[in-house]
Amino acid sequence: MNDKRERIPREPVREPYRTKVVESIRLPSRAERERLLRGIGYNPFYLKSQDIYIDLLTDSGTGAMSDTQWAALMVGDETYAGSRSYDDFEQTVRDITGYDHIVPVHQGRAGEHLVMQSIARPGGIVLSNTLFDTTRAHVEYRDALPVDLLADIAWDFDEPHPFKGNFDLDKLQAALENHRGRVSAIVATLVNNLACSSPVSLENMRRVRELADRFGVPVFIDASRFAENAWLVTQREAGQRGRPVADVARDFFALADGCWMSAKKDGLVNIGGFVAVRSDQLADECRQRLVLFEGFPTYGGLAGRDLQALAIGLREALDEDYLRHRVAQIEYLHDGMREVGVPVSTPAGGSGVYVDVARLYPHLTPEDNPGIALTADLYLHGGVRMSAGVFHLTTVDPTSGTLVNRDFPCARLALPRRVYGRAHLDHVIASMRDVLDGAHKSPAYRLVTAPRVLAHFFARFEPVAPPSDHLPPGNQPRGRAMRG
Ligand code: F0G
């Protein structure tokens, strides 16, 4: 083994919690993993929980609640109208965001639905640093056009820019000028999930607000990972270092007219979300739709106990010890993968680590489905599940202001909150090292079946030529790539 590729010992990432309840996980044997992969058509969405050792498919709804949150479930008030749990939740969201009207929803996309029905006009445009795919779909559902204005550096995984999540302000200005009168809203996604979970700086947000005011356009925040974003600002932005993270978060909200949140991320709950806005009229419209699609305004598709746990989770997510550890874990995974030579987006951001699939599999073209090769290889080597896909973005040429389509291949190891420890992360790093070692032997994957909608959830694939690693047990090559 090459010494240089050994893990470089680092300061331990000290957990600001200890374990009170455990959940068993198991690593299936290599032969089982091969059989399972074949059986599910190499689509990681078909894998079953009991067959996964470490699940990095998403950081959404997969976190661990605290003892305080579990205890709060018992005092949740299940009153249909006027629940006390709603009051606790409402007060918390008001304190954190500063907005007047708080509308609970069962998860982020329900909030997107409520807001987009009001703000996205048919034939209009919604501008964003990048919209998450469900948000984009809600804009399109209104026959409006979603446009993503992230800077070109976001495509450069080696460029260590601290705020790759920022709006490209030239593109924003060009879009506002060229499509004057057509722009319904600007949406800032914090952190920018599709730009490798890189944060948005407070300075960038201020400039976005200035441009929005100049053109008379409202600004909204997708706050799903607002706490991670605010923490990264306190670590990276000149003038913000050392400020209380809750104050920084509040400054972001003050620059917008409202927000929605998938609380399954920085709400530290397994289900939940909300819309929070200043405008009485928008709040009324959202509440009326809420009754139709989610529930009464004091529960909005959630149980009283969910609201109670969420009120606590939102405060815990702004705890600086928690955030320091959370972001340090992502950095540990990022640094470890980089040290063994895996091409990852740098610097580390929130939510997880992003892999440059094209560079990992230079012999595979985009049509060969290298993302499927990666998810299959990682499961095969370590029983670890991750996700990979291609997002189709529409962006703007900053000089001409014309719309341009661009694909963003996105392969992510998303880290659930408060779930895995350092040995788990070391296992993932070692598994990725094995993936890298064997990548040149990985086959292309052919699409066998795919539905017309949501293809990435339901598609099935097969290797075009079986790789030598897929030989039956007993015929496998021996070495450190063997595990389990
Ligand atoms: N906004 C962002 C930035 C998201 O990342 C997500 C979900 C949503 C909105 C939608 O929220 O799932 O509660 O309806 N992201 C998950 C992920 C699914 O894996 O990144 P939801």
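Please read all numbers here as calculations on a predicted model, not as lab measurements. (Residues numbered from 1 in each chain as written. Predicted model: local features only at pLDDT ≥ 70, side-chain atom pairs only at ≥ 80, totals over all residues. Heavy atoms only, no water.)

Peer 1: Is there a simple way to explain the overall build of the chain in this structure?
Peer 2: Along its length, the chain carries 16 helices and 14 strands. On C-alpha atoms alone, the chain measures out to a radius of gyration of 22 Å, which is about the 23 Å that the 2.2 N^0.38 rule sets for 484 residues. When its C-alpha atoms are laid out on the principal axes, the chain stretches across 70 × 55 × 45 Å. When burial is assessed residue by residue, the chain has 58% of its 484 residues classed as buried. A fraction of 73% describes how many contacts in the chain between residues 6 or more apart in sequence connect residues 24 or more apart. Summed over its atoms, the accessible surface of the chain is roughly 20,000 Å², and 52% of this surface lies on carbon and sulfur atoms. Within the chain, one finds 57 positive and 63 negative side-chain charges whose respective centroids are separated by 4 Å. (Helix = DSSP H or I, 4+ residues; strand = E, 2+ residues; numbered from the N terminus. Rg over C-alpha atoms; globule rule 2.2 N^0.38 Å. Buried < 20%, exposed > 50% of the residue type's maximum accessible area, 1.4 Å probe, protein only. Contact = heavy atoms within 4.5 Å. Areas by Shrake-Rupley, 256 points an atom, 1.4 Å probe, with all protein chains shown as cover. Lys, Arg positive; Asp, Glu negative; His and termini not counted. Charge placed at Lys NZ, Arg CZ, Asp CG, Glu CD.)

Peer 1: I'm lost on the pattern of salt bridges in this one. Help?
Peer 2: Any two side chains of opposite charge can pair, on the condition that their charged atoms come close. Counted according to the given criterion, the structure contains 27 salt bridges. Of the charged contacts in the structure, one is a salt bridge between R326 and E228, with a shortest N-O distance of 2.8 Å. With R326 in helix 12 (residues 320-339) and E228 in helix 8 (residues 226-236), this pair connects stretches of sequence that are 98 residues apart. Both residues of the pair, R326 and E228, belong to the buried class. (Salt bridge = Lys/Arg side-chain N within 4 Å of Asp/Glu carboxyl O.)

Peer 1: Quick question: what am I supposed to make of helix 7 (residues 202-215) here?
Peer 2: Since the α-helix advances by 3.6 residues per turn, residues separated by three or four positions end up pointing in the same direction. Taking 1.5 Å as the rise per residue, helix 7 with 14 residues should run 20 Å; its terminal C-alpha atoms sit 20 Å apart, in good agreement. Packing partners of the buried residues in helix 7 comprise helix 6 (169-178), strand 5 (183-189), strand 6 (219-222), helix 8 and helix 9 (245-254). Positive backbone phi, at 65 degrees, marks G216, one or two positions downstream of helix 7. (Expected span 1.5 Å × (residues − 1).)

Peer 1: Would you take a moment to explain the pairing of strand 2 (residues 101-105) for this structure?
Peer 2: The two faces of a sheet get side chains in turn, since along a regular strand they alternate between them. Of all 5 residues that make up strand 2, 5 are buried, and the element is covered over most of its length. Residues H101, V103 and V105 of strand 2 are buried on one face, and the alternating residues I102 and P104, pointing to the opposite face, are buried as well. Sheet topology note: the strand 2/strand 8 (residues 273-277) ladder contains 5 bridges and is antiparallel. Each residue of the ladder has a partner; that of V103, found in strand 8, is V275. (Pairing = 2+ DSSP bridges.)

Peer 1: Which parts of the structure should I look at to understand the packing of helix 4 (residues 108-119) against helix 10 (residues 280-293)?
Peer 2: At their nearest, the axes of helix 4 and helix 10 sit 9 Å apart, and the two run at 130 degrees to each other. Comparing the axis directions of helix 4 and helix 10 gives the class oblique. The element helix 4 and its partner helix 10 pack so that their crossing is right-handed. Between helix 4 and helix 10, the residues in contact are H113, L114, V115, Q117, S118 and I119 and L282, E285, C286, R289, L290 and F293, respectively. Along the lines of polarity and charge, the residues of the contact of helix 4 with helix 10 split into 7 nonpolar, 3 polar and 2 charged. (Axes fitted to C-alpha atoms, helices over the stretch in contact; angles between N-to-C directions. Parallel < 35°, antiparallel > 145°, perpendicular 65-115°, else oblique. Left-handed = near helix turned anticlockwise from the far one by under 90°. Nonpolar A, V, L, I, M, F, W, Y, C, P; charged D, E, K, R; others polar.)

Peer 1: Any chance you could explain the layout of surface pockets here in plain terms?
Peer 2: Where empty space is left can be seen by rolling a probe of water-molecule size over the atoms. Its boundaries defined by the atoms lining it, the second largest pocket holds a volume of some 1,400 Å³. Around the second largest pocket, the lining is made up of 37 residues, and of these V21, E23, A64, R418 and V419 lie nearest the centre. Listing elements by their share of the lining of the second largest pocket, those giving two or more residues are helix 2 (67-74) and helix 12. Looking at the lining of the second largest pocket, its residues break down into 14 nonpolar, 11 polar and 12 charged. (1 Å grid on protein atoms, 1.4 Å probe; cavity = no way out; pocket = protein on both sides within 12 Å on 5 of 7 lines; lining within 4 Å. Points joined across faces, edges and corners; volume = space filled by probe spheres on them.)

Peer 1: Even after reading the chapter, I still don't get the nonpolar core, so can you show me in this structure?
Peer 2: Buried together is how nonpolar side chains tend to be arranged in soluble globular proteins. Formed by 67 residues in total, the largest nonpolar core has its most connected members in L127, L172, I186 and F226. The residue makeup of this core includes at least three contributed by each of domain 1 (30-59 + 320-464) and domain 2 (67-316). Setting aside residues no more than four positions away along its own chain, L172 makes contact with L127, L149, F167, I186, V208 and L211. V13, I54, A411 and L425 belong to the second-largest nonpolar core, a separate cluster that totals 46 residues. (Core = buried A, V, L, I, M, F, W, Y, C linked by side-chain atoms within 4.5 Å. Domains from an automatic or database assignment.)

Peer 1: Sorry, what's going on with the site of the ligand here?
Peer 2: Residues in close proximity to the ligand total 17 residues, the closest being T58, R109, D222, S262 and K265. With respect to the ligand, the side chain of D222 contributes an N or O atom lying 2.6 Å from a nitrogen atom. Here a nitrogen atom of the ligand sits 2.9 Å away from a polar atom, N or O, in the side chain of K265. A total of 470 Å² of accessible area belongs to the ligand in isolation, and the protein chains cover 93% of it. With 3 residues, helix 4 is the largest single contributor of residues to the shell around the ligand. Of the residues in the shell around the ligand, the class split is 1 nonpolar, 9 polar and 7 charged. (Near = heavy atom within 4 Å. Polar contact = N/O pair within 3.5 Å; in protein donor to acceptor, adjacent residues only side chain to side chain.)

Peer 1: Is there a simple way to think about unusual backbone geometry in this case?
Peer 2: Glycine aside, the phi torsion of most residues is negative, and most peptide linkages are trans. Following L190, the chain continues into V191 via a peptide bond in cis, with omega recorded as -25 degrees. Note on placement: V191 falls in the loop between strand 5 and helix 7. Going from T346 to P347, the amide bond is cis rather than trans, its omega being -5 degrees. Tracing the backbone through its elements, the reader meets P347 in the loop between helix 12 and strand 9 (352-355). For C196, which is not glycine, the phi dihedral falls at a positive 60 degrees. For C196, the location among the structural elements is in the loop between strand 5 and helix 7.

Peer 1: How do you make sense of the domain arrangement of the chain when you look at a structure like this?
Peer 2: Bring the parts together and some accessible area is lost; that lost area is often taken as the interface size. Looking at the chain, the domain boundaries give domain 1 (30-59 + 320-464) and domain 2 (67-316). Spacing between the C-alpha centres of domain 1 and domain 2 amounts to 26 Å. Taken together, the contact between domain 1 and domain 2 spans 37 residues of the former and 45 residues of the latter. Contact between domain 1 and domain 2 buries roughly 3,600 Å² in total, counting both sides, with carbon and sulfur atoms accounting for 58%. The tally of links between domain 1 and domain 2 comes to 7 salt bridges. The partner of D266 in a salt bridge is R417, and the shortest N-O contact between them spans 3.2 Å. (Buried area = accessible area lost by both parts, 1.4 Å probe.)

Peer 1: Help me understand helix 2, please; the structure alone is not making it clear to me.
Peer 2: Every buried residue of helix 2 is listed here: Q69, A72 and L73. Along helix 2, the residues classed as buried sweep out an arc of 110 degrees about the axis, all on the same side. When the buried face of helix 2 is taken as reference, the exposed residues oriented beyond 90 degrees from it are W70 and M74. Residues of helix 2 that are buried make contact with helix 11 (304-316). (Arc of directions from axis to C-beta.)

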